[in-house]
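Tertiary structure, described
Read off the chains here:
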Amino acid sequence: MKETERLVADPAPGISAAPHEDNLRYFDVTIQGPDGSPFANGVFRLELFLPEEYPMAPPKVRFLTKIYHPNIDKLGRICLDILKALQIRTVLLSVQALLSSPNPDDPLATDVAKHYKENEKDAQRVSREWTEQYASA
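- As recorded in an unreviewed UniProt entry, the chain goes by the name UBC core domain-containing protein, listed as coming from Antrodiella citrinella.
- Quoted straight from UniProt, the Sequence similarities (unreviewed entry) entry for the chain says "Belongs to the ubiquitin-conjugating enzyme family."

Pasting the structure below:
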């Protein structure tokens, strides 16, 4: 698994991923909230799992940290077409980019998306509050 070794040896900025010793298909991931976003200064925990069919099937990724985001539901599932990408690094960079640019037009959490569409400034305030409450290092 050269990709795994590269991920640990040469992590992307603001992202760390480490495989479990007892199951190398399962990763503990942390992503720092991007500067200038409502998620700035947050450290978000995620889990990443490589299915048996990997690399023919994409990795599965889920937020463990609660987050107020239109494209991430209450269970931490992510609505992101790029999750079909096969490289772990590409998937994690895409998740980090999604924190910078929430897309309420393609929501997974419809209530959050509605809030973002009707009053983006207030929705960002709630996102910041949740980040302070749930994603503080």
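With respect to the packing of helix α3 (residues 110-118) against helix α4 (residues 120-134)
- Where α3 contacts α4, the axes come no closer than 5 Å and their chain directions differ by 130°. In terms of their interaxial angle, α3 and α4 are classed as oblique. Along its contact with α3, which presents His 115, Tyr 116 and Glu 118, the element α4 presents Glu 120, Asp 122, Ala 123, Gln 124, Val 126 and Ser 127.
- Looking at the contact of α3 with α4, its residues break down into three nonpolar, three polar and three charged.

Let's talk about the packing of aromatic side chains
- Summed over all chains, the structure comprises four aromatic pairs.
- Measuring from ring centre to ring centre gives 6.1 Å for Phe 44 and Phe 63, while their planes differ by 75°; the resulting arrangement is edge-to-face. Here Phe 63 lies in strand β4 (residues 60-63) and Phe 44 lies in strand β3 (residues 43-49), a separation of 19 residues in the sequence. Exposure class is identical for Phe 44 and Phe 63. Each is buried.
- Pairwise contacts between aromatic rings join Phe 39, Phe 44 and Phe 63 into one cluster.
- Looking at Lys 66, its charged tip hangs above the ring of Trp 130, at a distance of 4.9 Å from the centre.

Topic: unusual backbone geometry
- A cis amide bond links Tyr 54 with the next residue in sequence, Pro 55, at an omega value of 10°.
- Within the secondary structure, Pro 55 sits in the loop between β3 and β4.
- In this structure, Asn 41 is a non-glycine residue whose phi angle is positive, near 70°.
- Under the relative-accessibility criterion, Asn 41 is labelled exposed at 70%.

A few points about the side chain of His 115
- Locating His 115 in the fold gives a position in helix α3.
- Residue His 115 is classed as buried on the basis of its relative accessible area of 18%.
- Side chain to side chain, His 115 and Tyr 68 meet in a polar contact 2.6 Å long.
- Here His 115 is in contact with Tyr 68, Glu 120, Asp 122, Ala 123 and Val 126, once residues within four sequence places are set aside.

Some words on the pattern of salt bridges
- Summed over the entire model, instances satisfying the criterion amount to eight salt bridges.
- Put simply, Glu 47 and Arg 62 hold a salt bridge, and the shortest N to O gap is 2.7 Å. Note that Glu 47 is positioned in strand β3 and Arg 62 in strand β4, a separation of 15 residues in sequence.
- Residues joined by salt bridges that share partners form a network here, namely Asp 122, Arg 125 and Glu 129.

Procedures and definitions
- Residues numbered from 1 in each chain as written.
- Predicted model: local features only at pLDDT ≥ 70, side-chain atom pairs only at ≥ 80, totals over all residues.
- Heavy atoms only, no water.
- UniProt positions renumbered as here; feature names shortened; annotations may be inferred.
- Axes fitted to C-alpha atoms, helices over the stretch in contact; angles between N-to-C directions.
- Helix = DSSP H or I, 4+ residues; strand = E, 2+ residues; numbered from the N terminus.
- Parallel < 35°, antiparallel > 145°, perpendicular 65-115°, else oblique.
- Contact = heavy atoms within 4.5 Å.
- Nonpolar A, V, L, I, M, F, W, Y, C, P; charged D, E, K, R; others polar.
- Phe/Tyr/Trp six-rings, centres within 6.5 Å; stacked < 30°, edge-to-face > 60°.
- Buried < 20%, exposed > 50% of the residue type's maximum accessible area, 1.4 Å probe, protein only.
- Lys NZ or Arg CZ within 6 Å of the ring centre and 35° of its normal.
- Polar contact = N/O pair within 3.5 Å; in protein donor to acceptor, adjacent residues only side chain to side chain.
- Salt bridge = Lys/Arg side-chain N within 4 Å of Asp/Glu carboxyl O.

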